[in-house]
Amino acid sequence: PSLGVVDAASLREPVTFAGSVRGTASAPRSCAGYLPDVPQLVIEAGSPATVVIEASSDTDTVLLLLTSDGQVRCDDDGAGSFNPRITTNVPAGRH
């Protein structure tokens, strides 16, 4: 993953990652947009956890989270304007 691997248990404060991501693969129907070929960030959870993922951009951005149990979570503008936010519970595993 180009932005790294994060341990969910160690996240007590927000962590900022800077980067640019572009994709050509179509996202699943439930999430309009395009995805890169490989994950850009991996979240590891040793036990079930609540995670909040947010992106900030000057262009319309989509976030997609594929959980370790195969569930897809995505958002387009949940943080306002063009900025997506995903708040969800994840099981233990690699997301």
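Each value, and the rule that gives it
Residue numbers restart at each chain and count upward from 1, following the sequence in its written direction. In keeping with the model being predicted, local features are shown solely for residues with a pLDDT of at least 70 and side-chain atom pairs are shown and tallied solely at 80 or more, while totals for entire chains, interfaces and linings include all residues. Note: side-chain values were computed over all heavy atoms of the structure, leaving out hydrogens and water. Each helix is a run of H or I in the DSSP string that is no shorter than four residues. Each strand is a run of E no shorter than two, and both are numbered from the N terminus. Burial status follows relative accessibility: with a 1.4 Å probe on protein chains alone, a residue under 20% of its type maximum counts as buried, one over 50% as exposed, and anything between as partly exposed. Throughout, a residue-residue contact means that at least one pair of heavy atoms, one from each residue, lies within 4.5 Å. Polar contact criterion, stated in full: a pair of N or O atoms within 3.5 Å, where within protein one must be able to donate a hydrogen and the other to accept it, and residues adjacent in sequence count only if both atoms are side-chain atoms. In this text, buried Ala, Val, Leu, Ile, Met, Phe, Trp, Tyr and Cys residues form a nonpolar core when linked through side-chain atoms within 4.5 Å. Criterion for a salt bridge: a side-chain nitrogen of Lys or Arg within 4 Å of a carboxyl oxygen of Asp or Glu. Think of it this way: DSSP has to see at least two bridges between two strands before they count as a pair.

Colleague: Looking at this structure, how should I read the environment of Ala25?
Modeller: In this fold, Ala25 is placed in strand 2 (residues 25-26). Given a relative accessible area of 29%, Ala25 falls into the partly exposed group. Sequence separation between Ala25 and Ala45 is 20 residues; the distance between their C-alpha atoms is 27 Å. For Ala25, the residues in contact, after removing those within four places along its chain, are Gly33, Tyr34, Leu35 and Asp37.

Colleague: Just to check I follow, could you spell out the side chain of His95 for this structure?
Modeller: Mapping His95 onto the fold places it in the segment after strand 9 (93-94). Residue classification places His95 among the buried positions, given a relative accessible area of 9%. Polar side-chain contacts of His95 include one of 2.8 Å to the backbone oxygen of Pro91. Within the structure, the side chain of His95 is placed 3.3 Å from the backbone oxygen of Gly93, a separation counted as a polar contact. The residues touching His95, leaving out its near neighbours within four places in the chain, are Leu41, Val42, Ile43, Ala45, Leu65, Leu66, Thr67, Ser68 and Val90.

Colleague: What should I look at first to understand the nonpolar core in this one?
Modeller: Nonpolar side chains tend to gather and get buried jointly when the protein is soluble and globular. The biggest cluster of nonpolar side chains holds 10 residues, and these are Ala8, Ile43, Ala45, Val51, Ile53, Ala55, Leu63, Leu65, Ile86 and Val90. Of all the secondary-structure elements, those providing two or more residues to this core are strand 4 (42-45), strand 5 (49-54), strand 6 (63-66) and strand 8 (85-90). Setting aside chain neighbours within four positions, we find Ala8 in contact with Ile43, Glu44, Ala45 and Ala49.

Colleague: Honestly, the pattern of salt bridges in this entry has me stumped. Any pointers?
Modeller: Side-chain pairs of opposite charge can arise where the charged atoms are in close proximity. In this structure the tally under the stated criterion is two salt bridges. The partner of Arg94 in a salt bridge is Glu44, with the nearest N and O atoms 2.3 Å apart. Taken together, the positions of Arg94 in strand 9 and Glu44 in strand 4 put the pair 50 residues apart, joining distant regions of the chain. A residue is classified by how much of its surface remains accessible, and Arg94, at 48% relative accessible area, is partly exposed. Residue class for Glu44 comes out partly exposed when judged on its relative accessible area of 32%. With a shortest N-O distance of 2.7 Å, Arg85 and Glu54 are connected by a salt bridge.

Colleague: It is not clear to me how the sheet that holds strand 4 should be interpreted in this structure. Could you clarify?
Modeller: Two orientations exist for strands paired in a sheet by backbone hydrogen bonds: parallel and antiparallel. Pairing within the open sheet is mixed, and its three strands lie in the order 1-4-9. Of all strands in the sheet, those bounded by a partner on one side alone are strand 1 (5-7) and strand 9.

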